[in-house]
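Analysis of the macromolecular model
Each chain is listed here by its residues.
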Amino acid sequence: MNARAVFQINDLNLHYGEKQALFDISMEIPRNQVTALIGPSGCGKSTLLRSLNRMNDLIDGCHIDGQVRYEEEDVYAKTYDVIELRTKVGMVFQKPNPFPMSIFDNVAYGPRCQGIKDKKVLADIVKKALENAALYDEVKDRLKESGNALSGGQQQRLCIARAIAMNPDVILMDEPTSALDPIATAKIEDLIQDLKKDYTIVIVTHNMQQAARISDNTAFFLMGELVEFDKTDLIFSQPRDQRTEDYITGRFG
Amino acid sequence: MNHAKRHRKDFMIRIGIGIVSSIGLFVLIAIFAFVFQKGSSLLSWQLLTGDYYSTTYDSYYDGTLPSAGFERPSSLDDSVYYSSVWGIGLQDDLDAEGKPYILIVYVDPNSPLTSLPDKNTEGETVQIASGQTLGKVIFSNRTIVLTSNGAQSAIQLFDGADGILDLLTTTRGKGIRGSIITTLYLIGLTLVIALPIGVFSAVYLHEYAPKNSKLAEALRRLVEMLTGVPSIIFGLLGAAVFIPFTSTITAADGGNLFSGALTLAVIVLPVIISSTEESLKVIPDEYRQASLALGATKTQTTFRVVLKAAIPGILSAVLLSVGRIIGESAALIYAVGTAIKDHIILTERSTSLAVHIWSIMAGETPNFELASAISIIILIVVFVLNLIVKLVARRLSRA
Ligand SMILES: Nc1ncnc2c1ncn2[C@@H]1O[C@H](COP(=O)(O)OP(=O)(O)OP(=O)(O)O)[C@@H](O)[C@H]1O
Ligand SMILES: [Mg+2]
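Residues numbered from 1 in each chain as written. Chains lettered and ligands numbered in written order. Predicted model: local features only at pLDDT ≥ 70, side-chain atom pairs only at ≥ 80, totals over all residues. Heavy atoms only, no water.

All names here are of chain A. Spatial ordering of the open sheet is given by S2-S1-S4-S5, a layout of 4 strands whose pairing is antiparallel. The outermost strands of the open sheet, each flanked by one partner alone, are strand S2 (19-30) and strand S5 (73-74). In this sheet, strand S4 (residues 62-70) lies alongside strand S1 (residues 5-16) in antiparallel orientation, the contact comprising 8 bridges. Residue pairing in the sheet places Gln 8 in a bridge with Arg 69 of S4. Of the strands in this sheet, S1, S2 and S4 are in contact with helix H1 (residues 45-52), which crosses S1 at around 120°. (Pairing = 2+ DSSP bridges. Helix = DSSP H or I, 4+ residues; strand = E, 2+ residues; numbered from the N terminus. Contact = heavy atoms within 4.5 Å. Axes fitted to C-alpha atoms, helices over the stretch in contact; angles between N-to-C directions.)

Laid out in structure tokens, this is it:
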């Protein structure tokens, strides 16, 4: 196995009840890079993303065969600690979903759940996370206000800060900018560029330009299958598969 | 032609509906108006804080009186007759049955009347105070005060006397402090029992129970069923189960506040479970997912995010329950009893406000005015509670 890979996915098949959503997926997610998952709606991008931090566990009838290895360990093994996994692999959702509590409490939520109580330590974590999420300057005077009082773009950066506060290794993002305007989207894209120094990022996006701009690797999915996975420049300049070319040139999807 | 007929029919039906609904409205308004008209004159601070039972004190005075007398305070109303010799102010008044009596409205703080020897108990003293009723008085010069002669004549006799052989005074009574305290105890005890059970049941049903769980389904059915049971049946349950139960584990012997609270807990549990579950339902799943994705456990997610967000819903469940507890009467007749008390002991019988009404109306001489006054108090409290519930609900739907 490639030592630069954080995740290694081997022959992953996933069913929702009777319906198969992923077919024989095998791929490696490289460390400290941005990996984009693209493909038409319903092709299984979110499903694959959720199987990396086992959020699919919450879905009734979801069944998984094959392996997802995180840092060499099979996360679907019986003895694997899913809580531990989720502290290392953070997630940012499509719709900004801050908790109905203050900005500070939102960011401090994860660390508090890990048992950190010391006020000074928490304040430090919150400040750093907000700084890293490029939100601190905008909210530093109103940390006590509700997270829901922020704009959509700020809320999404708050959610990124909330994930960063756990000091994870990987951040999974499912269409993090699809609910945002172009300016807020640009801010988040800049942020992702900054974050990749310290984190491995896997991002689902419908926006081809976005994938081309921010990612190092791109995986193209079609109807639950991984069609092509390569360096982003290669995918966008000289795709090997005709279907990939059709999709990125906008001929379908 | 046909057209006109249809119009006429429509018109008749509208008139009919109008008449029927205004009859309903009229009856409702009439009831409220009746209750307010009957009871509002009794509403007073004394009603809320006073004893229900009046006590008669028997005392005398054989000491000396200060020659300077006691100055009439300027705050006293013109209708008050005042004796500067004794420092007492009296007023004519009518009781609930319309009979005249003499009310003590002022006693000078330095007057000897503030501490008289008690004839009935050696060594005890009696304090004559405003709010008491003046009964028969025999002065040392053999003059006698008769209540029927009124306050003015009484004051003349007071002014002409320098000693009292026999003084009867009566505390007012007909206050409902005891029943208010019982009601407050019942609210507190019931919520202490029912709130944790109700909230945890709802959390189990909505957050933990697997889909299609038989147990959860059975619990929901039970809750639904309990909502429709008439409360007298819960009263029987209280009598048959909770009174013996509380009698064995406490000093109680018969109806008491614990068995009352247990009975009420059974009654309000369905309310708490179902409205808590409703409030859990409207909490977006995104919160739960966000929490779990941050490495929080299920329990942490439930308590730190879900329940916290459900607090307004739980609060309105509490308010609804309080309304139900205040309004409940049938279920408490056995479990707590019908004996009106002034000094409330948890392990003894007493009455809640609603049962207090029942008790005074069931007696030989029903006291309609007092019953109406208590009704007004209950109506106001329930109205305010409902208003708060509405406000909370509106706040909820806006958030
Ligand atoms: N909870 C679920 N239960 C059953 N089927 C599901 C569930 N979630 C997704 N699916 C199905 O699995 C397939 C893949 O869905 P998924 O959400 O992963 O697609 P996606 O690529 O993320 O699409 P989109 O771009 O629209 O978000 C779809 O056919 C979808 O209907
Ligand atoms: Mg998706």
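Still to come is the rest of the account.
This brings us to the pairing of strand S3 (residues 88-94) of chain B. Residue and element names in this part refer to chain B. When strand S2 (residues 81-83) meets S3, the two strands line up antiparallel, connected through 3 bridges. From the neighbouring strand, Tyr 81 faces S3, where its bridge partner is Leu 90. Linking S2 to S3, which pair antiparallel, is a turn of 4 residues; within it Gly 87 sits at a positive phi near 70°. Sheet analysis places S3 next to strand S4 (residues 100-107), joined by 7 bridges and oriented antiparallel. Directly across from Asp 93, in S4, lies its bridge partner Tyr 101.

Quite often, the size of an interface is put as the accessible area lost when its parts meet. Listed as interface residues are 24 residues of chain A and, on the opposing side, 17 residues of chain B. Interface area, chain A with chain B, both sides summed: about 1,700 Å², of which 64% is carbon and sulfur. In this structure, the connection of chain A to chain B is made through 2 salt bridges. Between Lys 211 of chain B and Asp 60 of chain A there is a salt bridge, with its nearest N and O atoms 3.2 Å apart. Linking chain A with chain B are 7 residue pairs in polar contact (both at pLDDT 80 or more). Looking at the side of chain A that touches chain B, the elements that each hand over two or more residues are helix H2 (82-88), strand S6 (89-92), helix H3 (103-113) and helix H6 (152-164) of chain A. Here the side of chain A that touches chain B is composed, by residue class, of 14 nonpolar, 5 polar and 5 charged. (Buried area = accessible area lost by both parts, 1.4 Å probe. Salt bridge = Lys/Arg side-chain N within 4 Å of Asp/Glu carboxyl O. Polar contact = N/O pair within 3.5 Å; in protein donor to acceptor, adjacent residues only side chain to side chain. Nonpolar A, V, L, I, M, F, W, Y, C, P; charged D, E, K, R; others polar.)

Before going further, it helps to examine the packing of aromatic side chains. Each aromatic ring pair is characterised by the separation of its centres together with the angle its planes make. If you walk through the whole model with that rule in mind, you get 11 aromatic pairs over all chains. Relative to Phe 368 of chain B, the ring of Phe 34 of chain B has its centre 5.7 Å away and its plane inclined at 75°; by these criteria the two rings are edge-to-face. Taken together, the residues span a long stretch of sequence, with Phe 34 of chain B in helix H1 (residues 2-39) and Phe 368 of chain B in helix H13 (residues 368-398) at a distance of 334 residues. You can call Phe 368 of chain B partly exposed: its relative accessible area is 35%. An angle of 75° between the planes, with centres 6.0 Å apart, marks the rings of Trp 86 of chain B and Phe 158 of chain B as edge-to-face. Pair noted here: Trp 86 of chain B is in the loop between S2 and S3 and Phe 158 of chain B is in helix H3 (residues 150-159), with a separation of 72 residues, a long-range link. Residue Trp 86 of chain B shares its accessibility class with Phe 158 of chain B, and that shared class is buried. By way of ring pairs, the aromatic residues Tyr 61, Trp 86, Phe 139 and Phe 158 of chain B are connected into one cluster. We note Arg 162 of chain A situated over the ring of Phe 99 of chain A; from NZ or CZ to the ring centre the distance is 4.4 Å. Seen from the ring of Tyr 208 of chain B, Lys 298 of chain B lies directly overhead, with NZ or CZ sitting 5.3 Å from the centre. (Phe/Tyr/Trp six-rings, centres within 6.5 Å; stacked < 30°, edge-to-face > 60°. Buried < 20%, exposed > 50% of the residue type's maximum accessible area, 1.4 Å probe, protein only. Lys NZ or Arg CZ within 6 Å of the ring centre and 35° of its normal.)

Right, let's talk about the domain arrangement of chain B for a bit. Structurally, chain B comprises domain 1 (55-170) and domain 2 (177-398). Using only C-alpha atoms to locate each centre, domain 1 of chain B and domain 2 of chain B end up separated by 48 Å. (Domains from an automatic or database assignment.)

As a working rule, side chains carrying opposite charge can pair if their charged atoms are close by. All names here are of chain A. A complete count under the given rule lists 24 salt bridges over all chains for this structure. One salt bridge connects Asp 105 with Arg 112, and the closest N-O pair in it is separated by 2.9 Å. Classification of Asp 105 as partly exposed rests on a relative accessible area of 22%. In this structure, Glu 145 and Arg 142 form a salt bridge, with 3.5 Å as the shortest nitrogen-oxygen distance. Owing to a relative accessible area of 25%, Arg 142 belongs among the partly exposed residues under this scheme. Taken together, the shared-partner salt bridges connect Glu 228, Asp 230 and Arg 240 into one network.

With that settled, consider the site of ligand 1. Residues and elements named next belong to chain A. The full set close to ligand 1 counts 14 residues, and Lys 19, Ser 41, Ser 46, Thr 47 and His 206 are the nearest of them. Between Gly 42 and ligand 1, the recorded distance is 2.8 Å, taken from a backbone N or O atom to an oxygen atom. Within the contact set of ligand 1, an oxygen atom lies 3.4 Å away from a side-chain nitrogen or oxygen of Glu 175. Notes on ligand 1: free accessible area 630 Å², of which the protein chains cover 66%. Where the shell around ligand 1 is concerned, the elements lending two or more residues are S2 and H1. Counting residues per element, the shell around ligand 1 draws most heavily on H1, which supplies 4 residues. Of the residues contributing to the shell around ligand 1, the split by class is 4 nonpolar, 6 polar and 4 charged. (Near = heavy atom within 4 Å. Areas by Shrake-Rupley, 256 points an atom, 1.4 Å probe, with all protein chains shown as cover.)

Attention now moves to the sheet that holds strand S7 (residues 170-174) of chain A. Residues and elements named next belong to chain A. Strand order in this open sheet of 6 strands is S6-S7-S8-S3-S9-S10, and the pairing throughout is mixed. The open sheet terminates on both sides in strands that have one partner only, identified here as S6 and strand S10 (225-231). Averaged over all neighbouring strand pairs, the angle between strand axes comes to 15°, with direction disregarded. Direction of pairing for S7 relative to strand S8 (residues 200-204): parallel, over a ladder of 5 bridges. Across the sheet, Val 170 pairs through a bridge with Thr 200, a residue of S8. Together, strand S3 (34-38), S6, S7, S8 and strand S9 (217-222) form the strand contacts of H1, whose direction differs from that of S7 by roughly 155°.

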